[in-house]
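# Structural description and commentary
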Amino acid sequence: MDFVTLNDGRTMPQLGFGVWQVEDDAAEAAVSTALEVGYRSIDTARIYGNEEGVGRALKSSGIAREELFVTTKLWNSDQGRDEALAAFDASLQRLGLDYVDLYLIHWPVPSRDLYVDSWKAMEEILASGRAKTIGVSNFTVETLDRLTAETSVVPAVNQIELHPYLQQGEMRAKNASLGIATEAWSPLGQGKGLLEDPVLAELAAKHGRSPAQIVLRWHLQLGNVVIPKSVTPSRIKENFDVFGFALDDEDLRALSALERGERFGSDPATMNWLG
């Protein structure tokens, strides 16, 4: 496993396991499999409705807590100082943990304009030691600029949609300028055609790997933190097996040329859903 050092000095596995759109019981099984394979970073969120299942898998794994890196997120309807503090307590209880390694604001939700107040609550949670690191998700250049101008702690992570069809050059550069690690969600393009791209098929054949492994290797070599999701044990194992080969400069150029600016998820500038 490779690790990235965050701007607060803590380290985070570069490859983690996500459980978006996975029901609670299925998440328990998938996370258990992922931990057996070797993953140690697990990414969940309040809105996923599977924090309890994730917590059960963590507990039953027998893996020492200090070896695990657990992320969860503050949902849109829970923003605001008091609401955020209460929501964090509830997430911690569902997970069955004394602390999380990373707590993120899930979306900026511009229509509510509460993300600065929410962040100040997260600074309190950080100071309490119940979140070891805090960060954001889906923040834009504009929302990051405002957040860092009006608060004390620079986010350690910005988790954004990022894959070869949406390479997020501007956001990656902005994050880097602030010392923020870029974490990719939907790193494999949500099964919406990316993995069938002929360029990926060619690179997969060249390296004797799957298209998914090619994409994950691309993320790692760019320096992204990446959290692929699967409930299929064979794919969970396959997605972890991305450290035994490297893409060369020609491969990286071919992948860079796939950029389309194609977003499969919501646009953070207009995503105001409260759920």
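Our subject is the structure listed above.
Residues numbered from 1 in each chain as written. Predicted model: local features only at pLDDT ≥ 70, side-chain atom pairs only at ≥ 80, totals over all residues. Heavy atoms only, no water.

### Focus: the overall build of the chain
Definition in use: Going along the chain from the N terminus, every DSSP run of H or I of four or more residues is numbered as a helix, and every run of E of two or more is numbered as a strand. The cut-offs for exposure are 20% and 50% of the maximum accessible area for each residue type, with area from a 1.4 Å probe on protein chains only; residues under the lower value are buried, those over the upper are exposed, and the others partly exposed. Residue contacts are counted whenever heavy atoms from the two residues lie within 4.5 Å of one another. By the counting scheme adopted, Arg and Lys are positive, Glu and Asp are negative, and His together with the chain ends is not counted. Charge positions come from single atoms, namely NZ of Lys, CZ of Arg, CG of Asp or CD of Glu.
When helices and strands are tallied, the chain shows ten helices and ten strands. Taken along its principal axes, the extent of the C-alpha atoms in the chain is 55 × 40 × 35 Å. The buried share among the 275 residues of the chain stands at 54%. Taking as baseline every contact in the chain between residues at least 6 positions apart, the subset at least 24 positions apart corresponds to 74%. Where the 26 positive side-chain charges of the chain centre and where its 40 negative ones centre are 2 Å apart.

### Quick word on the nonpolar core
Under the convention used in this document: Grouping buried Ala, Val, Leu, Ile, Met, Phe, Trp, Tyr and Cys residues that are joined through side-chain atoms within 4.5 Å yields what is termed a nonpolar core.
Core analysis: the biggest nonpolar cluster contains 69 residues, and Phe17 and Tyr103 have the highest contact counts within it. Residues in contact with Phe17, not counting those within four places in the same chain, are Ala30, Val31, Ala34, Tyr39, Ser41, Ile42, Asp43, Ile227, Pro228, Ser230 and Ile236.

### Concerning the packing of aromatic side chains
So the rule is basically this: What counts as a ring pair is set by centres within 6.5 Å for rings of Phe, Tyr and Trp (its six-membered ring), and what kind of pair is set by the plane angle: stacked under 30 degrees, edge-to-face over 60, tilted for all other angles. For a lysine, the NZ atom is tested; for an arginine, the CZ atom; a charge sits over a ring if that atom is within 6 Å of the ring centre and within 35 degrees of the ring normal.
A full pass over the atoms with the stated rule returns seven aromatic pairs. Here Trp75 and Trp273 contribute two aromatic rings whose centre-to-centre distance is 5.4 Å and whose plane-to-plane angle is 75°, an arrangement assigned as edge-to-face. Of this pair, Trp75 sits in the loop between β5 (69-74) and α3 (81-95) while Trp273 sits in the segment after α10 (249-256), placing them 198 residues apart in sequence. For the pair Phe240 and Phe243, a centre-to-centre distance of 6.2 Å together with 70° between the ring planes defines the contact as edge-to-face. Owing to a relative accessible area of 17%, Phe240 belongs among the buried residues under this scheme. Through successive ring pairs, a cluster of aromatic residues spans Phe17, Tyr39, Phe240 and Phe243. Sitting over the ring of Tyr99, Arg65 keeps its end group 4.0 Å from the ring centre. In this arrangement the basic side chain of Lys132 is found over the ring face of Tyr99, its NZ or CZ atom lying 4.7 Å from the centre.

### As for helix α6 (residues 169-177)
The cut-off we apply is this: What the arc covers is the set of directions going from the helix axis to the C-beta atoms.
The complete set of buried residues in α6 reads Met171, Lys174 and Asn175. End-on, the buried residues of α6 take up no more than an arc of 100°, which puts them together on one face. The exposed set on the far side of α6, more than 90 degrees from its buried face, consists of Ala176 and Ser177. At its buried positions, α6 is contacted by α5 (141-150), β8 (157-161) and β9 (181-185). One or two residues past the end of α6 sits Gly179, with phi positive at roughly 75°.

### Looking at the packing of helix α1 (residues 24-37) against helix α9 (residues 233-240)
Applicable threshold: Between N-to-C directions, angles cover 0 to 180 degrees, with each direction set by a line fitted to C-alpha atoms, over the stretch in contact for helices. An angle below 35 degrees is treated as roughly parallel, one above 145 as roughly antiparallel, one from 65 to 115 as roughly perpendicular, and anything else as oblique. Each helix crossing is assigned a hand: it is left-handed if the near helix lies turned anticlockwise from the far helix by less than a right angle, otherwise right-handed if that turn is clockwise. Each residue is assigned to one of three groups, with Ala, Val, Leu, Ile, Met, Phe, Trp, Tyr, Cys and Pro labelled nonpolar, Asp, Glu, Lys and Arg labelled charged, and all others, Gly among them, labelled polar.
It is the contact of α1 with α9, at a shortest axis distance of 10 Å, that shows an interaxial angle of 40°. Accordingly, the angle class assigned to the pair α1 and α9 is oblique. When you trace α1 past α9, the crossing you get is right-handed. Of the residues in α9, those in contact with Ala30, Thr33, Ala34 and Val37 of α1 are Pro233, Ile236, Lys237 and Phe240. Taken together, the residues of the contact of α1 with α9 sort by class into six nonpolar, one polar and one charged.

### What about the pairing of β5?
Threshold: DSSP bridges decide pairing: two strands pair if at least two such bridges lie between them. Here is how to tell: hold the view so the strands point away, follow the path from the first strand over the helix to the second, and if it runs clockwise the crossover is right-handed.
Where burial is concerned, most of β5 is hidden: six out of the six residues are buried. Sheet topology note: the strand β4 (residues 41-43)/β5 ladder contains three bridges and is parallel. Within β5, the residue paired with Ile42 across the bridge is Val70. A crossover connection joins β4 to the parallel β5 through helix α2 (residues 51-61); in handedness this β-α-β unit is right-handed. Two elements, β5 and strand β6 (residues 102-105), share four bridges in a ladder whose sense is parallel. Among the inter-strand pairings, Leu74 is bridged to a residue of β6, identified as Ile105. Following the backbone out of β5, through α3 and into the adjacent parallel β6, one traces a crossover that is right-handed.

### Considering the pairing of β8
With five of five residues buried, β8 lies mostly within the body of the structure. Relative to β8, strand β7 (residues 134-137) runs parallel, the two being bridged by two bridges. Bridging across to β8, Val136 finds its partner in Asn158. Following the chain from β7 across α5 to the adjacent parallel β8, one finds a crossover that is right-handed.

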